[in-house]
There are 2 protein chains.
Amino acid sequence: MIVCRNEMKVEVKERMRDGEGTARITYLLDASAEKNARMFAEVSLDPGCSIGYHQHESETEYYFILSGTGTVNDDGKEFQVKQGDSVITGNGAWHGIKNTGSVPLVFHAVIVTY
Amino acid sequence: MIVCRNEMKVEVKERMRDGEGTARITYLLDASAEKNARMFAEVSLDPGCSIGYHQHESETEYYFILSGTGTVNDDGKEFQVKQGDSVITGNGAWHGIKNTGSVPLVFHAVIVTY
């Protein structure tokens, strides 16, 4: 099945997971019928915006950074991330992400369930 | 866990799945320890290159087009794809993809197993 970009649902969330500012979420597909997965999204955070620190139990969330720069709190440790980096958070671990640069921080977010 | 781009394994495959030319695969993480997933990769096909038509049983492969343009054979029907589009292939369906443009066709490929 093909899903064209202009058919995708877009949501703008304020203070996502108690973060700062807004997160623009483009759902790359409707995951409701997928097996062992519950979200495939492109997330865009403007400078200064963040998704707050939160936990993933019984699932793993993967972030794949497409553009921009930011800071990830990876289960208690802070790291800088940039285009091409991956972030893996599962088995009860926590993460949060903030745009610390001057251009949008854009990444793919995929959640695999188990 | 963070995986930086410069730590990622890269493979150049010739005639992947009986396709044409070469496919450059950057593994976004080592999926061997992941649950319900077996591949997270960025794939780059130069103009004219392709991944041949192949089937996905007991798993779904997702392509998320990052740049370039191409043709996808989606279980027997041909579609044009471009930046931002998604391709979903599972439950025994088949797909193949070819770069029909003049710049690299780059996409994320994610395989969720079940």
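Presented here is a report on the structure given in the accompanying data block. (Residues numbered from 1 in each chain as written. Chains lettered and ligands numbered in written order. Predicted model: local features only at pLDDT ≥ 70, side-chain atom pairs only at ≥ 80, totals over all residues. Heavy atoms only, no water.)

When helices and strands are tallied, chain A shows zero helices and eleven strands. Each helix (α) and strand (β) of chain A, taken in turn from the N terminus, gives the series β-β-β-β-β-β-β-β-β-β-β. A compact globule built from 114 residues would reach a C-alpha radius of gyration of about 13 Å, and chain A, at 13 Å, matches this within 12%. Along the first, second and third principal axes, the C-alpha set of chain A runs to 35 × 30 × 25 Å. Scored against the burial criterion, the 114 residues of chain A give a buried share of 54%. Across chain A, the fraction of contacts at a sequence separation of at least 24, relative to all contacts at a separation of at least 6, is 60%. (Helix = DSSP H or I, 4+ residues; strand = E, 2+ residues; numbered from the N terminus. Rg over C-alpha atoms; globule rule 2.2 N^0.38 Å. Buried < 20%, exposed > 50% of the residue type's maximum accessible area, 1.4 Å probe, protein only. Contact = heavy atoms within 4.5 Å.)

This paragraph deals with the nonpolar core. Side chains of nonpolar character tend, in soluble globular proteins, to be buried together. Within the largest apolar cluster, 24 residues are counted, with the highest numbers of intra-cluster contacts made by L29(A), F40(A), Y62(A), L29(B), F40(B) and Y62(B). Among the elements of the structure, β4 (37-45), β6 (59-67) and β11 (105-113) of chain A together with β4 (37-45), β6 (59-67) and β11 (105-113) of chain B are those that each provide at least two residues to this core. Ignoring anything within four residues of it in the chain, the contact list for Y62(B) reads L29(A), E34(A), F40(A), V87(B), I88(B), H108(B), A109(B), V110(B) and V112(B). (Core = buried A, V, L, I, M, F, W, Y, C linked by side-chain atoms within 4.5 Å.)

The residue V81(A) is located in strand β8 (residues 77-82) in this model. C-alpha separation for the pair V81(A) and L105(A), spaced 24 residues apart in sequence, amounts to 9.7 Å. Residues within four places of V81(A) in sequence aside, it is in contact with I65(A), G68(A), T69(A), G70(A), V72(A), V87(A) and I2(B).

Counting from both sides, the interface comprises 32 residues of chain A and, opposite them, 32 residues of chain B. Between chain A and chain B, a total of about 2,800 Å² is buried, with carbon and sulfur atoms accounting for 62% of that surface. Between chain A and chain B we count zero salt bridges in total. Between chain A and chain B we count 17 residue pairs in polar contact (both at pLDDT 80 or more) in total. (Buried area = accessible area lost by both parts, 1.4 Å probe. Salt bridge = Lys/Arg side-chain N within 4 Å of Asp/Glu carboxyl O. Polar contact = N/O pair within 3.5 Å; in protein donor to acceptor, adjacent residues only side chain to side chain.)

Let us look at the sheet that holds β4(A). An order of β2(A)-β3(A)-β4(A)-β11(A)-β6(A)-β9(A)-β1(B) is seen for the seven strands of this open sheet, with the pairing classed as antiparallel. Each having just a single partner strand, β2 (10-14) of chain A together with β1 (2-3) of chain B make up the two edges of the open sheet. The pairing of β4(A) with β11(A) spans eight bridges and is classified as antiparallel. Across the sheet, S44(A) pairs through a bridge with V106(A), a residue of β11(A). (Pairing = 2+ DSSP bridges.)

When chain A is fitted to chain B, the best match, at an RMSD of 0.0 Å, comes from turning it 180° and sliding it 0.0 Å along the axis. Seen this way, the second copy is the image of the first under a two-fold rotation axis. Among all residues of chain A, the one whose C-alpha sits closest to the rotation axis is N36(A), at a distance of 3.3 Å. (Least-squares fit on C-alpha atoms with pLDDT ≥ 70 in both.)

Another aspect to go through is the pattern of salt bridges. All names here are of chain B. Counted under the stated rule, the structure contains eight salt bridges over all chains. The salt bridge involving R5 is made with E42; its shortest N-O contact spans 2.9 Å. Note that R5 is positioned in the loop between β1 and β2 (10-14) and E42 in strand β4, a separation of 37 residues in sequence. In this structure E42 comes out as buried when scored by relative accessible area, which is 17%. Between E20 and K98 there is a salt bridge; the shortest N-O distance is 3.3 Å. Of the two residues, E20 is situated in the loop between β2 and β3 (22-27) and K98 in strand β10 (residues 94-99); the sequence distance between them amounts to 78 residues. Relative accessible area serves as the criterion here: at 37%, E20 is assigned to the partly exposed category.

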